[in-house]
Amino acid sequence: MRFPLLLTLQASWLTVCQTTQHYPTTWGHYDLCKSQGYTDEGLTWYYMACQPEAADMTKYLKVTLDPPNITCGDPPETYCTLENPYMCNNECDAATDELAHPPELMFDFEGRNPTTFWQSTSWKKYPKPLAVNLTLSWNKTIELTDDIVITFESGRPEQMVLEKSLDYGRTWQPYQFYATDCLDAFTMEPKTMRDITQHTLLDIICTEEYSRGYVWKNDKTVRFEIKDRFALFAGPKLHNMASLYGQLDTTKNLRDFFTITDLRIRLLRPATGATMVDENNLSRYFYAISDIKVHGRCKCNLHANSCIFDKEKLVCECEHNTTGPDCGRCKRNYQARAWSTGSYLPIPKGTANICLPNSVGPVIRQNISSLGVANRNQARVCDNELLRCQNGGVCMNNIRCQCPPSYSGLLCEKPWCENEPGGCGGSDSGQAFHRPPALMLLLLLSALGPVFLVEICWMAVL
């Protein structure tokens, strides 16, 4: 029986194998949520994990400042340069467009001459700290995909903290501390990304790397290194993304580390260029930011490949019978099993973990749960996809199968003779033993896992 069975399934396995071999094994492809293919049972759907493309997320944020009157220009003010306290020809006037420096200039087009930037008031109230909180809010969960880069038009701050929120600003946790002297500012030993390993990736560090060099033209940026952290798993040039995706799936809290709803930049002490503050020239101390880069994607829990900006809000266009801003729950009437996030594994298509329709009966649900993970995600009932009416049954309103006289069951999978004396194999049954269709056997075989699938692929080829 085993050899004829393999021959029966050969065409189906070849289709699956060819689809799998199309993708390189070192990279995960998550741009499609589902695709159609042919099996012995005809046209069917295959579901995959999916996610939106990465994009410039500064296009969709809202920025708030605390204190709200910290932006320069009201009243108008004259500033000196940091390197030359006697050159005081820089003006800020909120009532004049050419001299105003509002917050939105941190996110406008770069490359203009002169450079546009936001600027704070000067440190006139010294020794009281010149403290500013810049909060970037998306009203949406996003996943970071590249370094956060803050470009200062003035000198880089001598003390600064980058913080994140995962609950829309209700609570905050530090991402990284920045200082010219970490021990003095935050009682922390200074570190850099070179000190970070796979095992310490979630550690919060203080770095002195971005807080010095106030007069050099190229020393204007402050970074939070996302790609360097990715490279700990994916290699220096990020060639092995499959390894990273696997870690995101299996390492506790790793995916959350790169996930945010809000960012907060806490500016605690401006650049002074010296160990002492010149109290006679306080107008040379201030903050000015010309650009902030935040690259990422909408978090859709691997249930959507697109995210739209609608009514001033980012929303995932959910697939897999899920719904919500982050595709974080099952749609109504698709709650036959509990919602679950998608999985990057197995590479290259992942596992969709689709929500099942309520029309799936308890027996079918139990059978589906006992099958392999990938095929659980493909299971749907009576809608021309994977679990279709069998043995000539007709799907009624995508809810139930109307079975021919000789069959019963949710999918018309049971011959009536099973209830007769002697069962379907008995002399009184009048019907041959009912053999499950090849597609159901595919589902059962797939429960043995991807290694067994590969073995079957080779046997099918031979």
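Residues numbered from 1 in each chain as written. Predicted model: local features only at pLDDT ≥ 70, side-chain atom pairs only at ≥ 80, totals over all residues. Heavy atoms only, no water.

Draft legend 1. Layout of the overall build of the protein. Of regular secondary structure, the protein possesses 9 helices and 24 strands. Intrachain contacts of the protein at a sequence separation of at least 6 include 64% that bridge at least 24 residues. Of the roughly 23,800 Å² of accessible surface on the protein, a fraction of 52% belongs to carbon and sulfur atoms. (Helix = DSSP H or I, 4+ residues; strand = E, 2+ residues; numbered from the N terminus. Contact = heavy atoms within 4.5 Å. Areas by Shrake-Rupley, 256 points an atom, 1.4 Å probe, with all protein chains shown as cover.)

Draft legend 2. Highlighting the environment of D56. Position of D56 relative to the elements: it lies in strand 3 (residues 55-56). Here D56 falls in the partly exposed class, since its relative accessible area comes to 30%. Along the backbone, D56 and T145 are 89 residues apart, and their C-alpha atoms lie at a distance of 10.0 Å. In contact with D56, other than residues within four places in its own chain, are V294 and H295. A distance of 2.6 Å separates the side chain of D56 from the side chain of T58, its partner in a polar contact. (Buried < 20%, exposed > 50% of the residue type's maximum accessible area, 1.4 Å probe, protein only. Polar contact = N/O pair within 3.5 Å; in protein donor to acceptor, adjacent residues only side chain to side chain.)

Draft legend 3. Spotlight on the pairing of strand 13 (residues 221-224). Side chains of strand 13 alternate between two faces, with V222 and F224 buried and T221 and R223 left unburied. Pairing of strand 9 (residues 148-152) with strand 13, which is carried by 4 bridges, proceeds in the antiparallel orientation. When the bridges of strand 13 are listed, I148 appears paired with F224. (Pairing = 2+ DSSP bridges.)

Draft legend 4. Up close: unusual backbone geometry. Cis geometry marks the peptide bond from Y126 to P127; its omega dihedral reads 10 degrees. Within the fold, P127 resides in the loop between strand 7 (118-119) and strand 8 (132-144). Residue P346 is reached from L345 by a cis peptide bond, and omega for that bond is -5 degrees. By secondary structure assignment, the location of P346 is in the loop between strand 20 (329-330) and helix 6 (362-369).

Draft legend 5. Here's a closer look at the state of the cysteines. Per the counting criterion, the structure on display carries 8 disulfides. Covalent S-S linkage joins C33 and C50, the inter-sulfur distance amounting to 2.1 Å. Between C33 and C50, the S-S torsion sits near 95 degrees, and that sign places the bridge as right-handed. With C33 in the loop between helix 1 (2-21) and strand 1 (34-39) and C50 in the loop between strand 2 (42-47) and strand 3, this pair connects stretches of sequence that are 17 residues apart. We classify C33 as buried; its relative accessible area is 3%. (Disulfide = S-S within 2.5 Å.)

Draft legend 6. Structural detail: the sheet that holds strand 9. Within the open sheet, the 4 strands sit side by side as 7-15-9-13. Their pairing is antiparallel. The outermost strands of the open sheet, each flanked by one partner alone, are strand 7 and strand 13.

Draft legend 7. Quick peek at the packing of aromatic side chains. Counted under the stated rule, the structure contains 14 aromatic pairs. Considering the side-chain rings of F177 and F186, the 4.8 Å spacing of their centres and the 55 degrees angle between planes classify their relative orientation as tilted. Summarising the burial analysis for this pair, F177 and F186 share the class buried. Among the aromatic residues, ring-to-ring pairing joins Y175, F224, F230, F257 and F258 into one connected group. Sitting over the face of the ring of W45, K34 holds its NZ or CZ atom 4.4 Å from the ring centroid. For R264, the ring lying beneath its charged end belongs to W172, and the centroid distance is 4.3 Å. (Phe/Tyr/Trp six-rings, centres within 6.5 Å; stacked < 30°, edge-to-face > 60°. Lys NZ or Arg CZ within 6 Å of the ring centre and 35° of its normal.)

Draft legend 8. Quick look at the environment of R156. With respect to the helices, strands and loops of the structure, R156 is situated in the loop between strand 9 and strand 10 (159-165). With 63 residues separating them in the primary sequence, R156 and D219 have C-alpha atoms 7.9 Å apart. A polar contact is formed between the side chain of R156 and the backbone oxygen of Y210, at a distance of 3.2 Å. Here T221 takes part through its backbone oxygen, which lies 2.8 Å from a polar atom of the side chain of R156.

Draft legend 9. A look at the side chain of D93. You can see D93 is positioned in the loop between strand 6 (90-92) and strand 7. One buried charged residue, D93, remains without a salt bridge, the closest side chain of opposite sign being K124 at 12 Å. Polar contacts involving the side chain of D93 include one to the main-chain amide nitrogen of A95, which spans 3.0 Å. The contact partners of D93, leaving out residues within four places of it in the chain, are G73, P76, L99 and A100. (Lys, Arg positive; Asp, Glu negative; His and termini not counted. Salt bridge = Lys/Arg side-chain N within 4 Å of Asp/Glu carboxyl O.)

Draft legend 10. Inspection of the pairing of strand 9 at higher detail. Taking burial as the measure, the 5 residues of strand 9 include 5 buried ones, the bulk of the element. Note that strand 9 and strand 15 (residues 288-293) share 4 bridges and pair antiparallel. When the sheet's bridge partners are listed, T151 is paired in strand 15 with D291.

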